[in-house]
Amino acid sequence: MEIFISILVLGLSLSMFVLPLSKKLGLILFSCICLEPFSFSYVSFGACNKMLCLFFFLSEIKHFNWYKKYLKQFVIWKLLLFVTLAIVLLAVYSVYAHRITTLVGLIVNDLVAKYFVIAYVFVGMRKTATLRNFYNIATIAIVILTFFGLINLITKASIIADLAGKAGSEFANMERTRVVGMFSYAFDYGFCCCVLSVFALYGRFKNVISTVQFELIMLCSVIGIFICGCRSIVVVEAIMLMTYVVLMFKPVKSLKIICGLSILLILSYATIPAVQEKTATVATAFDSENEEMGESSIYMRALQFATVLYQIQGHEALGRGYRFFIEGLGFDKHGNGFRDLPSDAQTLMGLEGVAMNLLLERGYVGLLVYLMFYGGLMVFAYRRRKESRPESVCAITVLLGFICYGNMTGELSSPVITLFFAGMYLKLSVLRSSTTISKNNSATPHNKQECQALLQ
């Protein structure tokens, strides 16, 4: 089965060389929702969505000059250049990144299949046809995802994750049931639903989708958020919803909506046992006496942060280098996971927050690069709110939700879908403003007609 799945992933990846641009992007979107656990198992970056991003990059690299010319009109180009230079610096000073295989993995995982994704969508999508295509793909994909999620909930086993050789049944059979659906981790399932709920709100606000399609996507998203079994996902969704309401509407209307949602939540808590249980689960994260390593409490995070600061003594600026956690500290070197860590690093068991991981391996410089990249994207979106408020608000909402999610659970496989939608919203905000069309856009990576459609 492993060989069959690897061949399937490779075949889909090779299709990037023959598919039109819009279908390439659609395939990447579908892979983020339904194909995440499948991988080409012979390389470290073999996850399906990463392989598709890699082959998208390879198929479009011949048009690099056009991509560069278009992107240089926006701050996105400077931000991508900034993170690229940071990755080069990381590769130079990290003693564990000097092997060719590790170096290739770093480039693909951190650039080609991560940060560059926003450029793929920002340059490659067209407003009307491509956006509707994205909605059709997302609707079909989330229905399939919810179907397998419900089966996972009922049977306490993930058919897809087990088929792909992942830990689906292991997560499903934990004391606190976690549903992975068609993902390797329940956290990614929940966050995907959070992102798609914002996508549904945008589509309904802009009348791009019908009421039935909106209700279907929202229903499936809400189901996924609650059945995944991750308290951090409920918090992330609340933050994203709050951000969307506050930024989208005028203060009075925002206050009314927030009050209405608060009343609904109170009534639900008082009458629905499942809501009471979920609220109690979320509240345990703020229990300072919850010192069990199996629980991601505030106490545990404080302990981990202190350990990270101890580990980077003398290396505060640049950290301990790429893959230090695995190769330097010896995580899982004997197949025992966190138990293989030295005694002074045992408190790093369950290290999840991306900020602490960055601080450990890339120091304050790496953390600053992270904040500048995502902060720069949100500032770019915020400055466009007058010309295109819905698109700007959705971009900020998704990016802020991703930052919160990454620092609660780790990024896992969420960067691709996050930067995909962020790039889409930012591109739509640009297309709504005729003042952003540059005189330099006379060239096209595919044909003149597509370029005109892209820029009008």
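Residues numbered from 1 in each chain as written. Predicted model: local features only at pLDDT ≥ 70, side-chain atom pairs only at ≥ 80, totals over all residues. Heavy atoms only, no water.

### What to know about the overall build of the chain
Across its full length, the chain carries 21 helices and zero strands. Across the 456 residues of the chain, 53% fall into the buried class. In the chain, 73% of the contacts between residues at least 6 apart in sequence involve partners at least 24 apart. (Helix = DSSP H or I, 4+ residues; strand = E, 2+ residues; numbered from the N terminus. Buried < 20%, exposed > 50% of the residue type's maximum accessible area, 1.4 Å probe, protein only. Contact = heavy atoms within 4.5 Å.)

### What to know about unusual backbone geometry
Despite not being glycine, Lys156 has its phi angle at roughly 60°, a positive value. Residue placement: Lys156 occurs in the loop between helix 8 (128-155) and helix 9 (159-163). Given the relative accessible area of 32%, Lys156 is considered partly exposed. Not every positive phi belongs to a glycine, and Asn207 is a case in point at roughly 60°. Relative to the assigned elements, Asn207 resides in the loop between helix 11 (186-205) and helix 12 (211-227).

### Quick look at the environment of Tyr135
Relative to the elements of secondary structure, Tyr135 occurs in helix 8. Leave out the neighbours within four places in its chain, and Tyr135 touches Phe199, Tyr202, Gly203, Val208, Ile209, Gln213 and Ile217. Among the polar contacts listed, one links the side chain of Tyr135 to the backbone oxygen of Phe199, at a separation of 2.7 Å. (Polar contact = N/O pair within 3.5 Å; in protein donor to acceptor, adjacent residues only side chain to side chain.)

### Considering the confidence of the model for the chain
Counting all residues, the mean pLDDT for the chain is 83, and 78% of those residues have values of 70 or more. Low pLDDT (under 50) marks residues 291-295, which in the prediction has eleven contacts with non-local residues, meaning those over four places away or in another chain. (pLDDT = per-residue confidence, 0-100.)

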